[in-house]
Amino acid sequence: MEKPEAVKLIESHRSIRKFLSRPVEPEMLETILHAARWAPTSHNMQSYSIIIIKNQETKNELHRLCGNQRYIKECPLFLVVCADFYKMHKAAEMHGQKLAVEELENILVGSVDAALVAQNLLLAARAYELGGVMIGGIRNQAEEVGELLKLPPYTFPVMGMCLGYPDQDPWQKPRMPVEAVFHDEHYREENIPAALEQYDKTMTDYYTRRTGGKRTSGWSKEIAAYISEPRRKSLTEYIRKQGFDGK
Ligand SMILES: Cc1cc2nc3c(=O)[nH]c(=O)nc-3n(C[C@H](O)[C@H](O)[C@H](O)COP(=O)(O)O)c2cc1C
């Protein structure tokens, strides 16, 4: 059976980190942003906001705040997707209700809404032959990002996204064996060790070929090192300060 174009688009994903200086046409951007709004959303709350950044000085500042990732200042267009309960705060005020966002639940709801809209943004952009990469580095110094972008209470940045016309054609990064991610009827713990071993071989081969032998480690060793340190400790405090107690 011939795969539909939408499936081919999804399956051809690669993050793009090098861009032509050509700007994204305003009409194209408008269509991409509007298309993204059709993401499903928890309880129809639409608990996200998208900050659209073209200004070079702002991009330079964000580049600094997001761990000096070169492509943030080089991309023609940078989006910041935020979790946003400010609108619910206003709705609560309008109707004399109290906004109860103490639980972890609403941090998840806002983050999930933001992620769904972000993936829609990227897919819509790719349909126009643009490319992009999501930027979790936006949470490195979330408070400073919040100040720069004038984020009100009950909001926080979830991810950034570089977008533009690709100036690279990178290899596709292999995904885990399906046994590590699909489970028939119930979770199959017994499948995980073999799947990881297989994925280590795949990734060793991938990096060895891609870097001409400069990088040869598999997936599990790199991830074990990455995950062994707590990350972005200041984020918890900032999210609390923004009004989410996260009990
Ligand atoms: C929420 C999120 C945050 C990410 N943050 C960064 C980032 O800060 N810098 C970066 O270079 N890539 C970032 N990425 C891209 C991932 O590294 C990339 O998706 C992953 O390595 C798989 O590669 P691929 O997208 O090319 O298939 C992020 C991806 C996601 C989904």
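Anything mentioned here points back to the structure above.
Residues numbered from 1 in each chain as written. Predicted model: local features only at pLDDT ≥ 70, side-chain atom pairs only at ≥ 80, totals over all residues. Heavy atoms only, no water.

Q: I'd like a description of the overall build of the chain, backed by residues and values.
A: Counting secondary structure elements, the chain contains 10 helices and four strands. The secondary structure elements of the chain, listed N-terminal to C-terminal, are α-α-β-α-α-β-α-α-β-α-β-α-α-α. Across the 247 residues that make up the chain, the buried fraction comes to 36%. For the chain, the proportion of contacts with a sequence separation of at least 24, taken over those separated by at least 6, is 79%. For the chain, the exposed area adds up to about 14800 Å²; of that, 54% sits on carbon and sulfur atoms. Distance between charge centroids for the chain: 5 Å, based on 33 positive and 33 negative side chains. (Helix = DSSP H or I, 4+ residues; strand = E, 2+ residues; numbered from the N terminus. Buried < 20%, exposed > 50% of the residue type's maximum accessible area, 1.4 Å probe, protein only. Contact = heavy atoms within 4.5 Å. Areas by Shrake-Rupley, 256 points an atom, 1.4 Å probe, with all protein chains shown as cover. Lys, Arg positive; Asp, Glu negative; His and termini not counted. Charge placed at Lys NZ, Arg CZ, Asp CG, Glu CD.)

Q: Lay out the site of the ligand in plain terms, naming residues and giving numbers.
A: For the ligand, the set of nearby residues contains 13 residues, the closest of which are His13, Ser15, Gln69, Tyr71 and Gly136. Contact between the ligand and His13: an oxygen atom at 2.5 Å from a side-chain N or O atom of the residue. Within the side chain of Arg17, an N or O atom sits 2.8 Å from an oxygen atom of the ligand. Bound to the protein, the ligand loses 68% of the 620 Å² it would expose on its own. With three residues, the single largest contributor to the shell around the ligand is strand β3 (residues 131-135). For the shell around the ligand, a count of residues per class yields four nonpolar, five polar and four charged. (Near = heavy atom within 4 Å. Polar contact = N/O pair within 3.5 Å; in protein donor to acceptor, adjacent residues only side chain to side chain. Nonpolar A, V, L, I, M, F, W, Y, C, P; charged D, E, K, R; others polar.)

Q: Help me get a handle on the packing of aromatic side chains, residues and values and all.
A: Centre-to-centre distance and the angle between the planes together describe a pair of aromatic rings. Counting across every chain of the model gives six aromatic pairs. Judged by centre distance (5.8 Å) and plane angle (85 degrees), the rings of Phe85 and Phe244 are edge-to-face. Here the residue Phe85 occupies a position in the loop between β2 (77-84) and α5 (86-94), and Phe244 occupies one in the segment after α10 (233-241), the gap between them amounting to 159 residues. Judged on exposure class, the residue Phe85 and its partner Phe244 are both buried. Among the aromatic side chains, those forming a connected cluster through ring pairs are Phe85, Tyr154, Phe156 and Phe244. Above the face of the Tyr165 ring, Arg22 is positioned so that its terminal group lies 3.7 Å from the ring centre. (Phe/Tyr/Trp six-rings, centres within 6.5 Å; stacked < 30°, edge-to-face > 60°. Lys NZ or Arg CZ within 6 Å of the ring centre and 35° of its normal.)

Q: Provide a residue-level description of helix α2 (residues 26-36), including the pertinent values.
A: Listing the buried residues of α2 in full gives Met28, Leu29, Ile32, Leu33 and Ala36. Summarising the axial view, the buried residues of α2 lie within an arc of 130 degrees, below the 170-degree limit, and thus occupy one face. Among the exposed residues of α2, those oriented more than 90 degrees off its buried face are Pro26 and Glu27. Of the surrounding elements, those touching the buried residues of α2 are β1 (48-53), β2 and α6 (104-127). (Arc of directions from axis to C-beta.)

Q: Would you mind going over the sheet that holds β1 in detail, with residue names and values included?
A: As summarised here, the arrangement of the four strands in space is β1-β2-β4-β3, forming an open sheet in which the pairing is antiparallel. The open sheet terminates on both sides in strands that have one partner only, identified here as β1 and β3. Taken pair by pair, the neighbouring strands of this sheet meet at an average axis angle of 25 degrees, ignoring direction. Direction of pairing for β3 relative to strand β4 (residues 155-164): antiparallel, over a ladder of five bridges. (Pairing = 2+ DSSP bridges. Axes fitted to C-alpha atoms, helices over the stretch in contact; angles between N-to-C directions.)

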